[in-house]
Protein chains: 2
Amino acid sequence: MDSFMQAAIEEAQLGLQEGGIPIGSVIVHQGRIIGRGHNRRVQNGSAILHGEMDAFEDAGRQPASVYRDAVLYTTLSPCPMCTGAILLYGIPKVIIGENQTFMGDEDLLRSRGVEVEVLQDPTCVALMESFIAARPELWNEDIGE
Amino acid sequence: MDSFMQAAIEEAQLGLQEGGIPIGSVIVHQGRIIGRGHNRRVQNGSAILHGEMDAFEDAGRQPASVYRDAVLYTTLSPCPMCTGAILLYGIPKVIIGENQTFMGDEDLLRSRGVEVEVLQDPTCVALMESFIAARPELWNEDIGE
């Protein structure tokens, strides 16, 4: 397991321990994690802090040159909002834990030139399968359904 | 002037008074503002709190039925991130103050069935023209350039 995806999974597990939705993300620049986060819908009552957004917020204000030389790791295929944030900042590469339980806007990412790699990692799949089975209404809220 | 766009402009002006980027937004449901906000890059050191995102956060956790019966007003054409948030939550209609100083992802919104109306309001244009002339580096940072 790639250590950066492992860090994203640890974020997801931390979110679960807090009573939240188990999705985590890290942003890596030149081999170093510059931002990490997890979904905070439950914890902060937030409609915008998906795992990827929380990682962008944690990274803080960065120059364009940093974003354009960064890789975003996320345990789950990015929804349209997180996809948009990736496009806004010109992140060139996204590594996705799994897209079996939810398929995000990967086609849009690819159509705008972002390199997308999907690992179908069993740990990521198991995290979401258990969570969706346990809290379907909370999951639907998080994806606007 | 539509009173809801006026409220979005007031948010933008408030942001300017705080030393921030003058972009504001409100989300309206059944004739009532349920969320309002303005860009907080400078004020909060935030990479994700564009005006529209701040309005989503202010509205808090809403059921899908509310978002799908809401109108989002923004003083400036929505960037890819804010466009993605609009798509995630299925906001059916977006009213934009102006797209002369910055053209966001309006084509993507329309291609996904969102009704988009652009007012080309002179107050919105003037707010951004003055700001971009005064702080071009800050503006470029906000749009990932």
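Conventions and cut-offs
- Residues numbered from 1 in each chain as written.
- Chains lettered and ligands numbered in written order.
- Predicted model: local features only at pLDDT ≥ 70, side-chain atom pairs only at ≥ 80, totals over all residues.
- Heavy atoms only, no water.
- Helix = DSSP H or I, 4+ residues; strand = E, 2+ residues; numbered from the N terminus.
- Polar contact = N/O pair within 3.5 Å; in protein donor to acceptor, adjacent residues only side chain to side chain.
- Contact = heavy atoms within 4.5 Å.
- Pairing = 2+ DSSP bridges.
- Axes fitted to C-alpha atoms, helices over the stretch in contact; angles between N-to-C directions.
- Phe/Tyr/Trp six-rings, centres within 6.5 Å; stacked < 30°, edge-to-face > 60°.
- Buried area = accessible area lost by both parts, 1.4 Å probe.
- Salt bridge = Lys/Arg side-chain N within 4 Å of Asp/Glu carboxyl O.

Named according to an unreviewed UniProt entry, chain A is Nucleoside deaminase originating from Stutzerimonas tarimensis.

Engineer: Can you walk me through the side chain of Thr74(A) in this structure?
Structural biologist: Residues and elements named next belong to chain A. For Thr74, the location among the structural elements is in strand 3 (residues 70-74). A polar contact is formed between the side chain of Thr74 and the side chain of Glu52, at a distance of 3.2 Å. For Thr74, the side chain forms a polar contact with the main-chain oxygen of Leu76, separated by 3.1 Å. When neighbours within four sequence positions are excluded, Thr74 is seen to be in contact with Met5, Ile23, Gly24, Ser25, Glu52, Val94, Ile95, Ile96 and Gly97.

Engineer: How should the sheet that holds strand 1 (residues 24-29) of chain B be read in this particular structure?
Structural biologist: Strand pairing within a sheet occurs via backbone hydrogen bonds; the two strands may be parallel or antiparallel. All names here are of chain B. Strand order in the open sheet formed by 5 strands is 2-1-3-4-5, with mixed pairing between adjacent strands. Whereas interior strands pair on both sides, the edge strands pair on one side only; in this sheet they are strand 2 (32-38) and strand 5 (115-118). Going from strand to strand, the sheet's axes swing by 15° on average, the running direction of each strand aside. Contacting strand 1, strand 2, strand 3 (70-74) and strand 4 (93-96), helix 1 (residues 3-17) crosses the sheet at an angle of about 25° to strand 2. Across the sheet, helix 3 (residues 51-59) is in contact with strand 1, strand 2 and strand 3; its angle to strand 2 comes to roughly 130°.

Engineer: How do you make sense of the packing of aromatic side chains when you look at a structure like this?
Structural biologist: Aromatic ring pairs are described here by two measures, namely the spacing of the ring centres and the angle between the planes. Tallied over the full model, the rule gives 10 aromatic pairs over all chains. Within the aromatic cluster, the residues linked to one another by ring pairs are Phe56(A), Tyr67(A) and Tyr89(A).

Engineer: Is there a simple way to think about the interface of chain B and chain A in this case?
Structural biologist: One frequent convention defines the size of an interface as the accessible area lost when the parts assemble. On the side of chain A, 34 residues touch chain B, which itself brings 34 residues to the contact. Between chain B and chain A the total buried area reaches about 2,700 Å² when both faces are included, carbon and sulfur atoms providing 58% of it. A per-residue breakdown of the area chain B buries against chain A is headed by Ile48(B), Arg61(B) and Leu88(B), which together make up 26% of the total. At the junction of chain B with chain A, the criterion picks out 4 salt bridges. Linking Glu141(B) and Arg61(A) is a salt bridge whose minimum nitrogen-to-oxygen distance equals 2.6 Å. Seen at the junction of chain B and chain A, the total is 18 residue pairs in polar contact (both at pLDDT 80 or more). Only helix 2 (41-44), helix 3, helix 4 (64-67), helix 5 (80-88) and helix 8 (136-142) of chain B provide two or more residues apiece to the side of chain B that touches chain A. At 6 residues, the largest contribution of residues to the side of chain B that touches chain A is made by helix 5 of chain B.

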